[in-house]
Amino acid sequence: MVNNDALVQVRGLRNQFGTQVVHQDLDLDIRRGEVLGVVGGSGTGKSVLLRSIVGLLRPAAGKIQVFGESLLEAPPKRRSELERRFGVLFQRGALFSSLTVVENIALPLIEHAGLPRPEAERLARVKVGLAGLPADAGDKYPDSLSGGMVKRAALARAIALDPEILFLDEPTAGLDPIGAAAFDQLILTLRDALGLSVFLVTHDLDTLYTICDRVAVLSQKRVLVAGPLAEVEATDDAWIRDYFHGPRGRAAQRAANQECR
């Protein structure tokens, strides 16, 4: 079935490493303008799914279409054009330690957009501000930044090319509750300001309840359910009951309800 509102369509995906099958017959859409949270137990392949969609991992079977095209089947030039339309924030930031924050952000602008270095670095400083970093952070190296600032610097690099889809792998992992909440709000602000769609791998219940329009649960090698939180919570599954209806899930739900009042 074709979903005209889907920027990414995954159908019949199988990911396999040797004899270990991680995904089997997995289907999922990423819709225009939504924040989609992806959750699941350890070993369900959340990051593997992300890497498959962005073309870093070739699936054993199935079909992935990004903006209506297959990334892996596209000619090199066309693939590069498609890749410029999404940004990726990896779990540990993956910044180059030998480059300043501004130089990290400018790199894709130089390599992929062909901008001269002065113009690329000028635009990079704009992205520093969009990511909520102080201006002087742009001249610092990653190892001199706090964990929260590294996340924001990596986010600034992910939006350097003005992507349409943002892929985030555990963006609040390692942050204190205040820093995590601020990062969640930053994602919402950028989504609304830049018209982004967001694919968000997370285990953070507060993030799910605060910013996600839909949640997809990976279980039994596929997407067990994908929908609004109320629909996911009502699914009869042991992992979902433990995760969403346990003490931490109830606390996150109460906090989200209080914010809505």
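Right above here is the structure, for reference.
Since this is a predicted model, take the numbers as computed values, not measurements. (Residues numbered from 1 in each chain as written. Predicted model: local features only at pLDDT ≥ 70, side-chain atom pairs only at ≥ 80, totals over all residues. Heavy atoms only, no water.)

A. Structural detail: the pattern of salt bridges. Under the criterion given, the structure shown has 12 salt bridges. For the salt bridge of R11 with D29, the shortest nitrogen-to-oxygen distance reads 2.9 Å. Of this pair, R11 sits in strand β1 (residues 6-17) while D29 sits in strand β2 (residues 20-31), placing them 18 residues apart in sequence. Exposure remark for D29: the relative accessible area of 13% places this residue in the buried category. Put simply, R125 and D139 hold a salt bridge, and the shortest N to O gap is 2.7 Å. With R125 in helix α4 (residues 117-130) and D139 in the loop between α4 and α5 (147-158), this pair connects stretches of sequence that are 14 residues apart. With relative accessibility at 40%, the residue R125 sits in the partly exposed group. The structure contains a network of salt bridges with shared partners spanning E69, R78 and E81. (Salt bridge = Lys/Arg side-chain N within 4 Å of Asp/Glu carboxyl O. Helix = DSSP H or I, 4+ residues; strand = E, 2+ residues; numbered from the N terminus. Buried < 20%, exposed > 50% of the residue type's maximum accessible area, 1.4 Å probe, protein only.)

B. Inspection of the packing of aromatic side chains at higher detail. Considering all chains together, one arrives at five aromatic pairs under this definition. For the ring pair F167 and F199, a centre distance of 5.5 Å and an interplane angle of 50° mean the geometry is tilted. Here F167 is found in strand β6 (residues 165-169), whereas its partner F199 is found in strand β7 (residues 197-201), with 32 residues between them in sequence. You'll find F167 and F199 in the same group, each marked buried. For the ring pair Y209 and F244, a centre distance of 6.5 Å and an interplane angle of 70° mean the geometry is edge-to-face. Placement of Y209 in helix α7 (residues 205-211) and of F244 in helix α9 (residues 238-244) is noted, with a sequence separation of 35 residues between them. Through a chain of ring-to-ring contacts, the aromatic side chains of Y209, W239, Y243 and F244 assemble into a single cluster. Lying across the ring of F67, R85 places its NZ or CZ 3.8 Å from the centre. (Phe/Tyr/Trp six-rings, centres within 6.5 Å; stacked < 30°, edge-to-face > 60°. Lys NZ or Arg CZ within 6 Å of the ring centre and 35° of its normal.)

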